[in-house]
Amino acid sequence: MSIGVVVFPGSNCDRDVRWAAQGCLNIPTRFLWHETRDLNGLDAVVLPGGFSYGDYLRCGAIARFAPVLESLVEFVARGGRVLGICNGFQVLTELGLLPGALTRNRSLHFICEDALLTVESNRTPWLMGHQRKDSLTLPIAHGEGRYQCSNETLCQLQDDDAIALRYVNNPNGSVADIAGITNKTGNVLGLMPHPERACDPVIGGVDGRGLLQSLLG
């Protein structure tokens, strides 16, 4: 069993994810260059944080056309698990695998701090190890993390029980305090906080371990 971590030009958290998954959790991990189409043998794929293709035009707007993401759409359709973290979440919305969009923070400033979250749904494999309303503390680091969607989409997310995580003290103005969502079937999760930066007590906490362990759950 193994996971793949996509590497775009401009990614800067790919090695963080590999260190957390393989170094802390003993999950076999390999990098996937953005031009590859081969996802054979993988149980899950992570789209890491960073600035894919320099975030030119709009965060994730160019990355959505990467060859690896053509294969990712098919991977998701077959039930493969995908985790999009920060820029990875932005890419998933641009690709249409998750609804809505990530826009400039309400303050118009880059935010880098720990965020207190609550688990809103544990219907998906990503959060089955948690109870609803459990608290998690994960780092955030983004300039465009404000989740936005139409009222119709918000109602659909609620009906599908697809709001995975909410902020306790909304740092960026996201609608309904949303920090992370899943697709309807639950195999795709996008979130702005960084679980890979909370896998070792030496660097501040271990609340991210459960999410990464769920890659192979």
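Provided above is the structure to which this section pertains.
Residues numbered from 1 in each chain as written. Predicted model: local features only at pLDDT ≥ 70, side-chain atom pairs only at ≥ 80, totals over all residues. Heavy atoms only, no water.

(A) Highlighting the packing of aromatic side chains. As enumerated under the stated definition, the model contains one aromatic pair in all. Between Phe89 and Tyr147, the ring centres sit 6.0 Å apart and the planes meet at 15 degrees, which makes this aromatic pair stacked. One end of the pair, Phe89, is in helix H3 (residues 87-95); the other, Tyr147, is in strand E8 (residues 146-148), with 58 residues separating them in the sequence. Grouping residues by exposure puts Phe89 and Tyr147 together as buried. (Phe/Tyr/Trp six-rings, centres within 6.5 Å; stacked < 30°, edge-to-face > 60°. Helix = DSSP H or I, 4+ residues; strand = E, 2+ residues; numbered from the N terminus. Buried < 20%, exposed > 50% of the residue type's maximum accessible area, 1.4 Å probe, protein only.)

(B) Here's a closer look at the side chain of Thr93. Inspection of the secondary structure puts Thr93 in helix H3. Owing to a relative accessible area of 11%, Thr93 belongs among the buried residues under this scheme.

(C) Spatial organisation of the nonpolar core. Counting residues in each nonpolar core, the largest one holds 64 residues, and the members touching the most others are Leu69, Leu72, Leu83 and Leu165. Examining the composition of this core, we find that five residues originate from one element, helix H2 (residues 67-77), more than from any other. Discounting residues that sit within four places of it in the chain, Leu69 has contacts with Phe8, Leu47, Ala63, Arg64, Val91 and Leu95. (Core = buried A, V, L, I, M, F, W, Y, C linked by side-chain atoms within 4.5 Å. Contact = heavy atoms within 4.5 Å.)

(D) Representation of unusual backbone geometry within the structure. You will see that Lys133, though not glycine, has its phi angle at about 75 degrees, which is positive. When its relative accessible area of 56% is taken as the criterion, Lys133 is described as exposed.

(E) Broad picture of the sheet that holds strand E11 (residues 188-191). Here nine strands make up an open sheet; going across it, the order is E2-E1-E3-E4-E11-E10-E9-E6-E7 and the pairing mixed. Unpaired on one side and paired on the other, strand E2 (29-33) and strand E7 (135-142) mark the two borders of the sheet. On average, adjacent strands in this sheet sit at an angle of 25 degrees to one another, irrespective of strand direction. Bridge count for strand E6 (residues 111-119) against E7 is eight bridges, and the pairing is antiparallel. Following the sheet pairing, Leu116 is matched in E7 by Thr137. Along the sheet, helix H1 (residues 14-24) makes contact with strand E1 (3-7), E2, strand E3 (44-47) and strand E4 (81-85), crossing E2 at roughly 160 degrees. Strands in contact with H2 are E1, E2, E3, E4 and E11; relative to E3, the strand with the most contacts, it is inclined by about 135 degrees. (Pairing = 2+ DSSP bridges. Axes fitted to C-alpha atoms, helices over the stretch in contact; angles between N-to-C directions.)

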